[in-house]
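These are the residues of each chain, in order.
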Amino acid sequence: MGMYEVTNRQYRKFKPSHSSKYYKSVSLNGDDQPVVYVSWNDAKAFILWLNVKTGKAFSLPTEAQWEYACRAGTGTIRYWGGGDGENAVCTYANVYDLTSKRVNERFSWGYFNCDDGYSATSPVGRFKSNNFGLYDMLGNVWEWCEDGYDKDAYLKHGRNNPLITNRSGRVLRGGSWNNESMIVRCAYCSSFDPSLADDFFWFRLVLSGHK
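Residues numbered from 1 in each chain as written. Predicted model: local features only at pLDDT ≥ 70, side-chain atom pairs only at ≥ 80, totals over all residues. Heavy atoms only, no water.

(A) Focus on the overall build of the chain. Across its full length, the chain carries six helices and eight strands. Start at the N end of the chain and walk to the C end: the helices and strands fall as α-β-β-α-β-α-α-α-β-α-β-β-β-β. Split by element, the accessible area of the chain, about 9,800 Å² in all, is 50% carbon and sulfur. (Helix = DSSP H or I, 4+ residues; strand = E, 2+ residues; numbered from the N terminus. Areas by Shrake-Rupley, 256 points an atom, 1.4 Å probe, with all protein chains shown as cover.)

Written as structure tokens, this is what we have:
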């Protein structure tokens with residue numbers, strides 16, 4: 001799995017005209033910021049281009065692969081441990097914190113009482129990694145998974161990396177820079193239409209070998 005989220009610089013190798021736009025007056029277009037305004041369909045098109053270009057087999061992670069990678073061998077709800085670990089969150093993740101709250105006072109949900117220094121997306125790798133050496137698995141931007149969303153996936157399908165394909169909505173994991181505590185955890189998932197793109201949707205790659 002990629003250590004980092006795919007960046008603007010990387011995505012523009014595929015689509016030079018792509019813009020990740022602004023959030024209010026904050027640019028989301030920095031070379032090392034994660035590429036946003038990318039739908040699940042856009043991510044799949046990028047992967048197809050990359051596989052042809054490199055001769056390798058990149059993909060989106062399955063939901064099970066993503067959660068395994070996020071937890072990184074820990075048994076707590078966030079990979080930095082210590083129960084909820086809310087005191088450490090701004091060391092490990094870009095979340096809805098004091099900086100975000102000052103810029104986004106219209107948000108009605110709770111905020112983390114710490115300061116990560118970013119009011120929108122941060123450049124990748126600015127926070128501590130998890131035990132697998134993966135950065136930004138929680139916070140910063142939601143990450144598209146391969147699966148269609150099924151809330152009962154592990155009840156109705158095999159527990160060893162099931163892949164849900166018979167659903168239209170696609171899974172997003174990890175929460176983002178504008179999400180509260182209950183969402184920024186390894187177990188939480190959401191579902192959106194695969195054509196939807198916004199300022200907090202992004203993707204990370206998995207490499208399974210050569211085609």
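(B) View of the state of the cysteines. The tally for this structure, following the rule as stated, stands at two disulfides. Residue Cys-70 pairs covalently with Cys-186 via a disulfide, S to S 2.3 Å. As the torsion about the S-S bond is roughly -70°, the Cys-70-Cys-186 disulfide counts as left-handed. Taken together, the residues Cys-70 in helix H3 (residues 63–71) and Cys-186 in the loop between strand E5 (170–173) and strand E6 (189–192) connect sequence positions 116 residues apart. With relative accessibility at 0%, the residue Cys-186 sits in the buried group. Across a sulfur-sulfur distance of 2.0 Å, Cys-90 and Cys-114 are joined as a disulfide pair. Disulfide Cys-90-Cys-114: torsion about the S-S bond near 70°, hence right-handed. (Disulfide = S-S within 2.5 Å. Buried < 20%, exposed > 50% of the residue type's maximum accessible area, 1.4 Å probe, protein only.)

(C) Local environment of the pairing of strand E4 (residues 142–148). Where burial is concerned, most of E4 is hidden: seven out of the seven residues are buried. Relative to E5, E4 runs antiparallel, the two being bridged by three bridges. Residue pairing for E5: Glu-143 is matched across the bridge by Arg-173. (Pairing = 2+ DSSP bridges.)

(D) Representation of the pattern of salt bridges. Counting across every chain of the model gives nine salt bridges. For Arg-71, the salt bridge identified is with Glu-67, shortest N-O distance 3.0 Å. Of this pair, Arg-71 and Glu-67 are both found in helix H3, four residues apart, which corresponds to roughly one turn of the helix. Each of Arg-9, Arg-12, Asp-31 and Asp-32 takes part in a single network of salt bridges with overlapping partners. (Salt bridge = Lys/Arg side-chain N within 4 Å of Asp/Glu carboxyl O.)

(E) Fine view of the environment of Gln-65. Mapped onto the elements of the fold, Gln-65 is located in helix H3. Along the chain, Gln-65 and Met-1 lie 64 residues apart, while their C-alpha atoms are 8.9 Å from each other.

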